[in-house]
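The chain contents come next:
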Amino acid sequence: MTAREVIGLLLTRWAAVLHEPAARQLAILLIREAPLFPASVALYQEELLYKGRLSFERALRHGIERGEFPLLDVAATARGLLGAPLERLLWEETFGESQDAGELIAMLVRGLPRLATTPGVPHPPPTDIRDTGPPLPSGTLRITTLRPPEPG
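Everything numeric in this text was worked out from a predicted model, so none of it was measured.

(A) Up close: helix 4 (residues 74–95). Here helix 4 contains 22 residues, and its C-alpha end-to-end distance of 31 Å stays within 8% of the 32 Å for a straight helix at 1.5 Å per residue. The sharpest bend along helix 4 reaches about 30 degrees and sits at Gly83, with the proline Pro85 one to four residues further on. Looking at the buried residues of helix 4, the elements they touch are helix 1 (3–19), helix 2 (21–33), helix 3 (38–65) and helix 5 (101–111). Looking at where helix 4 begins, the residue whose side-chain oxygen comes 3.3 Å from the main-chain nitrogen of Ala75 is Asp73.

Structure representation (structure tokens):
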């Protein structure tokens, strides 16, 4: 399964959760009343949004490692993906116009950046991964976070 397909599944599940009446009402209530109930917002963010964002971040990193995506700001991209179905919910609740979740998801997945490749030739994974951590014993797994190169 490609990283794009994983992201599509995550978006589909998130949109389905926000389509459930109780989840919709809770999200709308929290958004409307956020300044008055910061502890409730923090709990919602920690229990739902943070875990969802981590799932998107893992999928994006996987796509970078496999050469599906260029180096990108994983955290910001994950927040944008997680926020799109919430924006859709707000739009529907505010203006009464609905957009098909499938169309939104397809648009989001299509809009993810692509690497320039020659047809039929897979693009290699990024080569500018810097391991600046201390040496590890043989057989130890090191998890590396990929970041775009710093300007300058």
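(B) Highlighting the packing of aromatic side chains. Inspection of the entire model under this criterion finds one aromatic pair. On the numbers, 4.5 Å between centres and 50 degrees between planes, the contact of Trp91 with Phe95 is tilted. Of the two residues, Trp91 and Phe95 both sit in helix 4, four residues apart, roughly one turn of that helix. The partly exposed category is assigned to Trp91, whose relative accessible area is 39%.

How each quantity is defined
- Residues numbered from 1 in each chain as written.
- Predicted model: local features only at pLDDT ≥ 70, side-chain atom pairs only at ≥ 80, totals over all residues.
- Heavy atoms only, no water.
- Helix = DSSP H or I, 4+ residues; strand = E, 2+ residues; numbered from the N terminus.
- Expected span 1.5 Å × (residues − 1).
- Bend = angle between axes of the 7 residues up to and from the residue.
- Contact = heavy atoms within 4.5 Å.
- Polar contact = N/O pair within 3.5 Å; in protein donor to acceptor, adjacent residues only side chain to side chain.
- Phe/Tyr/Trp six-rings, centres within 6.5 Å; stacked < 30°, edge-to-face > 60°.
- Buried < 20%, exposed > 50% of the residue type's maximum accessible area, 1.4 Å probe, protein only.

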